[in-house]
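# Commentary on secondary and tertiary structure
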Amino acid sequence: MQYSYVRNCSGSNNREATFSPPVVTIPIVDLSKPEAQALIVKACEDFGFFKVINHGFPMDAISKLEEEATKFFSLPTSDKEKVGLANPFGYGSKSIGCNNDVGWIEYLLVKTNSQHTNTHTLHKPEQFRCALNEYMGAMRKMACEILELMAEGLKIEERNVLSKLVMDEESDSCFRLNHYPACPEITMASSNEKNTNKVGFGEHTDPQIISLLRSNNTSGFQIYVGDGNWIPVPPDHTSFFVNVGDALQVMTNGRFKSVRHRVMVDNVNNPRLSMIYFVGPPPSEKIAPLPSLVLGKESLYKEFTWFEYKNSAYNTKLSDNRLIPYERIAAS
C-alpha cells in the first residue's frame, strides 16, 4: 500500500490511504545466461510468471504466423466458421467455454499433435498450415528447454521429468490464436477519469503445466499480484511470457503458483493478436506432487489424471479456483 498526504479544508494534514497498485517489476529471464535456472524458479515462486529474452526462437516463424493469422481474422465470419466451430477446437467468437463466459474476442484453437483444424477450407490453406506447424514445432522445443531449466533449478535429478510430458506423442498440448478487435464501445471519459475498458478474456488460471504467450505490440494483458491488484504487462513482440499453470502448481506441491491473468481491451484503434502454446501432459498422466519435492513434507494435493482435471476445469467458470476439490490442505 502507498500513502499520500492530502490537505483538508481546515488546513491540517491527514494521512489518507490510497490504494495505488504496487510497483512491480516483471521478472525477466535471459535463456542464454547460466543463472536462468535460478531466476526461473524465483519468478515461478513469486509470481508464477516471467518474461523470456534471448530465446533463440526463429523470428521468421513469428512473422509468418502473425501474417497468416491477421489474414484469417480479417475474413468474413462465415468463412472463418468453415474451419469448424469451437467445441472446444475450432473457431470461436465472444463465447469462451461452455459456461456463459464472454469476452471481446475471437479465436482459433487447435491441437498440436494433429491436423484437427480444417484449414483446407481457407484460401491458400497450405501457407496457414505450414506457418502453424513451424511455429508450434519451435514452441515445443522452447517449452522443453524451459521445463528442463525448471527441473534443474528445483534440483530434480531427472532433468526431463517435465519436458518428457511435452515430447510424449500423446501430449495433450494445444495452441490458441486470440484476436481482440478494435472496440468501438470504448469511449474516452473526461480528462479526470480513466478510459473505459472492456473485458477481452476474463480472469482465470491456465489448467496446463505452463503456457507460452507472445503478442503484437498492443497492450491489455494483466496479471494478478494479490490484494486486489492487477498489474499491466507491457507488450513486447520480440519476447515471450511464461505462465505457470494449475498442473505445475500441483506437481511442485504449491511451491510454484499458478498465475491468475486476464486481458482488458483498452485501445480504441489497435487490435491485439496473441499466440499461446499450452503445454499439456498425456490424458492418462497422473498429476501429483513430484516425490523429490515432498520429502519430509505433507502433500497438499490429491492425485488425479490430467483427463479428470481437464474435464473438471472445462466445466467451471473461468474465474473459479479449479484446484479446490483436489486440495488436501489449503495451499498458502
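Residues numbered from 1 in each chain as written. Predicted model: local features only at pLDDT ≥ 70, side-chain atom pairs only at ≥ 80, totals over all residues. Heavy atoms only, no water.

## What to know about the overall build of the chain
Each helix and strand counted, the chain has 7 helices and 16 strands in total. Counting the 332 residues in the chain, one finds 48% classified as buried. Taking all contacts inside the chain whose residues are at least 6 apart in sequence as the whole, residues at least 24 apart take part in 71%. Put simply, the chain shows about 16,300 Å² of open surface, and 51% of that area lies on carbon and sulfur atoms. (Helix = DSSP H or I, 4+ residues; strand = E, 2+ residues; numbered from the N terminus. Buried < 20%, exposed > 50% of the residue type's maximum accessible area, 1.4 Å probe, protein only. Contact = heavy atoms within 4.5 Å. Areas by Shrake-Rupley, 256 points an atom, 1.4 Å probe, with all protein chains shown as cover.)

## As for the confidence of the model for the chain
Averaged over the chain, the pLDDT score is 87; the fraction of residues at 70 or greater is 84%. Low pLDDT (under 50) marks residues 1-18, which in the prediction has 24 contacts with non-local residues, meaning those over four places away or in another chain. Note on residues 187-193: pLDDT under 50 across the span, and 3 contacts to partners over four residues away in sequence or across chains. (pLDDT = per-residue confidence, 0-100.)

## Some details on the packing of aromatic side chains
The tally for this structure, following the rule as stated, stands at 13 aromatic pairs. For the pair Phe 304 and Tyr 309, a centre-to-centre distance of 5.1 Å together with 35° between the ring planes defines the contact as tilted. Taken individually, Phe 304 and Tyr 309 each receive the classification buried, so the pair is uniform in this respect. Cation over ring: Arg 176 sits above Tyr 107, and NZ or CZ is 3.9 Å from the ring centre. The ring centre of Trp 230 lies 4.1 Å from the NZ or CZ of Arg 262, which sits over that ring. (Phe/Tyr/Trp six-rings, centres within 6.5 Å; stacked < 30°, edge-to-face > 60°. Lys NZ or Arg CZ within 6 Å of the ring centre and 35° of its normal.)

## Section: the nonpolar core
With 68 residues, the main nonpolar core has Phe 50, Ile 146, Met 150, Phe 175, Leu 177, Ile 210 and Leu 212 as its most contacted residues. Examining the composition of this core, we find that 15 residues originate from one element, helix 4 (residues 125-153), more than from any other. Contacts of Leu 212, omitting those with residues within four sequence positions, involve Met 139, Met 142, Ala 143, Ile 146, Phe 241, Val 242, Met 275, Ile 276, Tyr 277 and Val 279. If you look at the next biggest cluster of nonpolar residues, it comprises 24 residues, including Phe 89, Ile 96, Tyr 180 and Ile 223. (Core = buried A, V, L, I, M, F, W, Y, C linked by side-chain atoms within 4.5 Å.)

## Considerations on the sheet that holds strand 4 (residues 49-53)
Spatially, 8 strands are ordered 3-4-12-9-14-7-6-5 in an open sheet, and the strand pairing comes out mixed. With partners counted over all chains shown, the strands left at the sheet margins are strand 3 (28-30) and strand 5 (90-96), one partner each. Adjacent strand axes in the sheet meet at a mean angle of 25°, parallel and antiparallel pairs treated alike. Summarising the sheet, strand 4 and strand 12 (residues 240-244) pair through 4 bridges and their orientation is antiparallel. Following the sheet pairing, Lys 51 is matched in strand 12 by Phe 241. The sheet contacts of helix 2 (residues 59-73) involve strand 5, strand 6 (101-111), strand 7 (174-180), strand 9 (210-215), strand 12 and strand 14 (272-279), and relative to strand 14 the element is tilted by about 115°. (Pairing = 2+ DSSP bridges. Axes fitted to C-alpha atoms, helices over the stretch in contact; angles between N-to-C directions.)

## Topic: the sheet that holds strand 13 (residues 261-265)
In spatial order, the strands read 8-13-10-11; together these 4 strands make up an open sheet with antiparallel pairing. Edge positions in the sheet fall to strand 8 (198-204) and strand 11 (230-232), since each has one partner strand and no second. Averaged over all pairs of adjacent strands, the angle between strand axes in this sheet comes to 25°, irrespective of strand direction. Two strands pair when backbone bridges link them, and strand 10 (residues 221-224) and strand 11 are joined in this way by 3 bridges, in the antiparallel orientation. Residue pairing across strands places Ile 223 opposite Ile 231, the latter belonging to strand 11.

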